[in-house]
Protein chains: 2
Amino acid sequence: MTVATTVRAYAAQAADTPLAPFTIERRELRPDDIAIDITHCGVCHSDIHQARNEWHDSLYPMVPGHEIVGIVAAFGDAVTGWQPGDRAGVGVFVDSCRSCDACLAGLEQYCERGMSPTYNGREQDGVTPTYGGYSERIVVDRRYVLRVPDGMDSAGAAPLFCAGITTYSPIRHFGVSNGERAAVVGLGGLGHLAVKFLAAMGAEVTVLSRSPGKIDTARALGAGDVVITTDAAALEAHRRRFDFIIDTIAAAHPYEPYLRMLRRDGIMVQVGLPDPAPLNPMLLVNWRRRIAGSQIGGIGETQEMLEFCAAHGITADVELISIDAVNEAFERTIRSDVRYRFVIDMASLRREDTA
Amino acid sequence: MTVATTVRAYAAQAADTPLAPFTIERRELRPDDIAIDITHCGVCHSDIHQARNEWHDSLYPMVPGHEIVGIVAAFGDAVTGWQPGDRAGVGVFVDSCRSCDACLAGLEQYCERGMSPTYNGREQDGVTPTYGGYSERIVVDRRYVLRVPDGMDSAGAAPLFCAGITTYSPIRHFGVSNGERAAVVGLGGLGHLAVKFLAAMGAEVTVLSRSPGKIDTARALGAGDVVITTDAAALEAHRRRFDFIIDTIAAAHPYEPYLRMLRRDGIMVQVGLPDPAPLNPMLLVNWRRRIAGSQIGGIGETQEMLEFCAAHGITADVELISIDAVNEAFERTIRSDVRYRFVIDMASLRREDTA
C-alpha cells in the first residue's frame, strides 16, 4: 500500500502574515498508522492565537487545525477494525507518552511528559513538527483516531473534536445531574455545544451573554433562560442560583459577576484561556464555591461524547467555507461574527492549483 | 435560677481606639439558653479586622471574641444533658435560621438567611447586637453550644472553635485521605492546626512558609517537609506535587506559586480572606486544578472535630495573656509574633476593678 507523502495545506509562515498555500510531508505509514483524507476541518479560536503567536510558543511554518473529520484512505499492517472509506476524526492531540499515570487513566490530554499537539507541536520524538488539519491528509497512530458515528453530518461533527470535548468533559467530570441548574457563559463555538449537552442531560440551562441578539438562538439551542450580563439587576436576580457554570469566554473578563451566581457548593469551570483577572477569595469562602479548569478530554471520553451526540442528535451549528476564505474567517471569529463555528470544506483545497 | 445580666467586658468603641473595659448586658435565660462563665477566649485575626473596621461592617461598641471556652453556670428549663460546671465552648456564630437547606443539612455557617455572628452582628431578630467572648459570661441557645471533651486543656481548646474548625472542615470536606500529599500555606493560628489535623489523618504534610525560622517548629508539629517560599528553586522542585493545599494566609499574596504545586486534579482551599489577587485560568485548565473556599464549619462538624482532637491529643499551641495585654497581643498578631495563638485568661477580667 503506497501513501503519498507530499500533501497540499494552508500554512502561516510568520505571526504577521496571512495563511497561504503550502505543501507539507506526511510520514510513511507505520504499522499502527491510519492515513485520513480530510474532508472537513473546524476553525478554532486557538488556531488564530497560535498562527499569530499570541501564546508566544509558535513554530513556523504552521498548519493549523485540530477539529478534523475525514475518510480513512489507508492504514498500517497492525491496524484492525478500520476499513477504507470509514469516517474518522482527529482532535487536539495525535500522540502522548502512553505510560504515565494520566495516559494509563485515559486522560491523555494531561500526559505528564506532554502530549503531542495536532499542530504547533512535536511528535513524541521531541523533534518532528506536527502539522494540523488545514491540509489534504493526515497520518495518525490508530490510538488517537476517533470513529465518527454513522449518520452524523461530517461538517457538524468536526467542531466536536475540540469545542465539543472541551465542554463535554468538564460537564461530565464535575457532575451535572438531571435537573441541576447550569449556566453557560458565552455563546460561541464552545458555548453553543455546552448548551446542547446540558439540555440533553436534563439540566435547567441558562445562557449568560452580553448580546441581547442571542436570546432567541439560545432558546432554540435548548436554554430555558438567557441573562444579559450588562443588566446588573438581572445578575442580582440570579445571585446564588446555579450549581454549575461553564465559562467559555476567550477574552479577558472578571470572575466576580459569575461567581456571585453560584449557590453553595457550586462550581464554575474555566475552559477558555483569557488573561488573568482578579479573584476575591471571599467569593469562594462565603458559600464554599469552587473554580476549576478543564482541558479538552481523553480519547476514550471523546469517543463517548461522539456516541452521546449521535444518540441525542447533536452536532455543531456551522458555517461552511472554502479554504481561501480562512483568513477572513479568522477576522470574523475574532469579532464573534459566526454562528457558531466555521468549518472548512477541504474539497476546496483539492481544487486549488497549489500542488 | 437567677442570672446576672450585667457583665464585665473589653470593647472597642471605635475603629481607632484601643480595646478598654466596658460593661454589657446578657439576656435573661430563655428556656433553651445556656449561660457560660468564660474562662478562656482566643484572639483571632478577624477580631482585629473587625475591631478596626477593616471589613467596613463594624458595629460599635464591639466586644470581640469567638473562640470561647468556659463553664456552664446556668441554663433554661428546656435544657437537658448539661450540668453546672460542665465545660462548654462557643464558636463563630450563636444562632441561625434553623430552617433553610443549609441549616437543615448541619451547615449552619452557610445559613441562607444569615447566621448570627458571635459578635459584631445581630441576633436572629435582626436588631439585638451580639457581643463576644472578651467578657465574663455569654448566654447562647443550647443548639449552638459545644461540649469540650474531658481532659482537654481549656486554653488550648479555645482556638479550636474558629482556627480549628476553619481548617478541619475543608480538610474533611475536600477529602484528604491517608497518604495523600498535602501542603499548608502559612504557619500561624490556622496553619499550625491544619498541620496537626493532616498529620493525624495520615497525610504526608509539607509546610510552605516564608520564614526559615519555622522549619524546626513545623517538623515538631508533624510536617514531614518545609518549603521556604522565597526559594524559587525549591518551589520549582515541588511543582505538581500536592493533592491538597490549604492556604491560611490572611495577607494579600499571589495564587500562582501555590497553584503550580498542585498536581492533576488537585485542589487548593482558601480559608483566609486576603485582598483579591490575579488568577490565571491557564493554571487551572492545564491540570484540571481547582480552587475552593471554605468558611468555618457546622455545629455537628465542630463537635466531631473536638472528639477527633481528643482522640489524637490535639489542641492549639497558645500563649496565655491577661485581658489588659490584649491590645499588645493585637499588634503582635499582626506581626505574626505569636506561636501560635494568643488566648486570654478571662480570670484576669474578673480581677479588674472595672465592674
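What you see is a predicted model; the values in this text were computed from it and never measured.

Calculation rules
- The written sequence of each chain sets the order in which its residues are numbered from 1.
- Chains carry letters and ligands carry numbers; both start at the beginning, A for chains and 1 for ligands, and go up in the order they are written.
- For this predicted model, a pLDDT threshold of at least 70 governs which residues receive local features, and a threshold of 80 or more governs which side-chain atom pairs are given and counted, while totals over whole chains, interfaces and linings are taken from all residues.
- Water and hydrogen atoms play no part in the side-chain values, which are based on all heavy atoms of the structure.
- Domain delimitation in this document rests on an assignment produced automatically or drawn from a domain database.
- Here, residues are in contact when the closest pair of their heavy atoms is within 4.5 Å.
- Salt bridge, as used here, is a side-chain nitrogen of Lys or Arg placed within 4 Å of a carboxyl oxygen of Asp or Glu.
- The definition of a polar contact used here is a pair of N or O atoms within 3.5 Å, where within protein one atom must be able to donate a hydrogen and the other to accept one, and adjacent residues in sequence count solely through side-chain atom pairs.
- Strands here are runs of E lasting at least two residues and helices are runs of H or I lasting at least four, both read from the DSSP assignment and numbered beginning at the N terminus.
- Throughout, exposure labels follow a simple rule: accessible area from a 1.4 Å probe, protein chains only, divided by the maximum for the residue type, with under 20% read as buried, over 50% as exposed, and the rest as partly exposed.
- Pairing between strands requires that DSSP locate at least two bridges from one strand to the other.
- The superposition of copies rests on a least-squares fit of C-alpha positions from residues with pLDDT of 70 or more in both.
- In a helix, the anticipated span is given by 1.5 Å times the number of residues less one.
- For every residue, the predictor assigns a confidence score, pLDDT, that lies between 0 and 100.
- With axes taken as lines fitted to C-alpha atoms, and helix axes fitted only over the stretch in contact, angles between N-to-C directions fall between 0 and 180 degrees.
- By definition in this entry, angles of less than 35 degrees are roughly parallel, angles greater than 145 are roughly antiparallel, angles of 65 to 115 are roughly perpendicular, and the rest are oblique.
- Under the scheme applied here, ten amino acids are nonpolar (Ala, Val, Leu, Ile, Met, Phe, Trp, Tyr, Cys and Pro), four are charged (Asp, Glu, Lys and Arg), and all others, including Gly, are polar.
- Note on aromatic contacts: the rings of Phe and Tyr and the six-membered ring of Trp form a pair at centre separations within 6.5 Å, being stacked when their planes are under 30 degrees apart, edge-to-face when over 60 apart, and tilted otherwise.

Time to look at the domain arrangement of chain A. Residues and elements named next belong to chain A. Domain parsing of chain A yields domain 1 (6–162 + 297–354) and domain 2 (167–293). Across the boundary between the two partners, domain 1 contributes 17 residues, which contact 18 residues of domain 2. Across the domain 1-domain 2 interface, the total number found is 2 salt bridges. In this structure, Lys 196 engages Asp 317 in a salt bridge whose closest nitrogen and oxygen atoms are separated by 2.7 Å. Between the two partners, domain 1 and domain 2, sit 8 residue pairs in polar contact (both at pLDDT 80 or more).

Here the structure, examined in full by the defined rule, presents 49 salt bridges over all chains. With its nearest N and O atoms 2.7 Å apart, the salt bridge here joins Asp 265 of chain A to Arg 288 of chain A. Pair noted here: Asp 265 of chain A is in strand β14 (residues 262–270) and Arg 288 of chain A is in the loop between α9 (281–285) and β16 (290–293), with a separation of 23 residues, a long-range link. Looking at Asp 265 of chain A, the relative accessible area reads 22%, which means it is partly exposed. The salt bridge partner of Arg 335 of chain B is Asp 337 of chain B, with a shortest N-O separation of 3.7 Å. By relative accessible area, Arg 335 of chain B is classed as exposed at 55%.

All names here are of chain A. Where burial is concerned, most of strand β8 (residues 137–141) is hidden: 5 out of the 5 residues are buried. Side-chain alternation along β8 places Arg 137, Val 139 and Asp 141 on one buried face and Ile 138 and Val 140 on a second face that is also buried. Two strands pair when backbone bridges link them, and strand β3 (residues 33–42) and β8 are joined in this way by 5 bridges, in the antiparallel orientation. What sits directly across from Asp 33, in β8, is Asp 141.

Relative to chain A, chain B is turned by 180° and slid 0.0 Å along the rotation axis, the superposed coordinates differing by an RMSD of 0.0 Å. A rotation of that kind, with that shift, is consistent with a two-fold axis. Closest to the rotation axis within chain B is the C-alpha of Pro 278 of chain B, separated from it by 2.0 Å. Counting the interface residues of chain B, we find that 100% of their copies in chain A are interface residues as well, pointing to one common contact surface.

Between its terminal C-alpha atoms helix α5 (residues 189–200) of chain B stretches 17 Å, which fits the 16 Å expected from 12 residues at 1.5 Å a residue. Once α5 of chain B ends, the next one or two residues include Gly 202 of chain B, with phi positive near 95°.

This next bit is on the side chain of Arg 332 of chain A. Tracing the backbone through its elements, the reader meets Arg 332 of chain A in helix α11 (residues 326–334). Beyond its immediate sequence surroundings of up to four residues, Arg 332 of chain A is in contact with Glu 319, Asp 337, Val 338 and Phe 342 of chain A.

Residue and element names in this part refer to chain B. Looking at the secondary structure, you find Ser 322 in strand β17 (residues 318–322). Relative accessible area serves as the criterion here: at 27%, Ser 322 is assigned to the partly exposed category. When the C-alpha positions of Ser 322 and Val 343 are compared, they lie 8.5 Å apart, and in sequence the two are 21 residues distant. Those residues within four positions of Ser 322 in sequence are excluded, and the remaining contacts are Ile 344 and Ser 348. A distance of 2.6 Å separates the side chain of Ser 322 from the side chain of Asp 324, its partner in a polar contact.

Our focus in this paragraph is the confidence of the model for chain A. On average, residues of chain A score 95 in pLDDT, and 98% of them are at 70 or above. Interface confidence for the predicted complex, given as ipTM, is 0.93, next to a pTM of 0.93.

As a further point, take the packing of helix α4 (residues 163–173) of chain A against helix α10 (residues 299–312) of chain A. All names here are of chain A. Two elements in contact, α4 and α10, have axes separated by 10 Å at closest approach and are oriented at 95°. Of the possible angle classes, the one that applies to α4 and α10 is roughly perpendicular. Across from Gly 164, Ile 165, Tyr 168, Ser 169 and Arg 172 in α4, the residues of α10 making contact are Glu 301, Thr 302, Glu 304, Met 305 and Phe 308. Residue composition of the contact of α4 with α10, grouped by class: 4 nonpolar, 3 polar and 3 charged.

Counted under the stated rule, the structure contains 10 aromatic pairs over all chains. Where Tyr 110 of chain A meets Trp 287 of chain B, the ring centres are 6.4 Å apart and the plane angle is 35°; that geometry is what we call tilted. Placement of the pair is Tyr 110 of chain A in the loop between α2 (101–104) and β7 (116–117) and Trp 287 of chain B in the loop between α9 (281–285) and β16 (290–293), with the two residues belonging to separate chains. Here Trp 287 of chain B falls in the buried class, since its relative accessible area comes to 14%. Between Tyr 168 of chain B and Phe 197 of chain B, the aromatic rings sit 5.4 Å apart at their centres with planes inclined by 80°, giving edge-to-face as the arrangement. Placement of Tyr 168 of chain B in helix α4 (residues 163–173) and of Phe 197 of chain B in helix α5 is noted, with a sequence separation of 29 residues between them. The exposure classification of Tyr 168 of chain B matches that of Phe 197 of chain B, with both residues buried. An aromatic cluster of three or more residues is present, and its members are Tyr 168, Phe 197 and Phe 308 of chain A.

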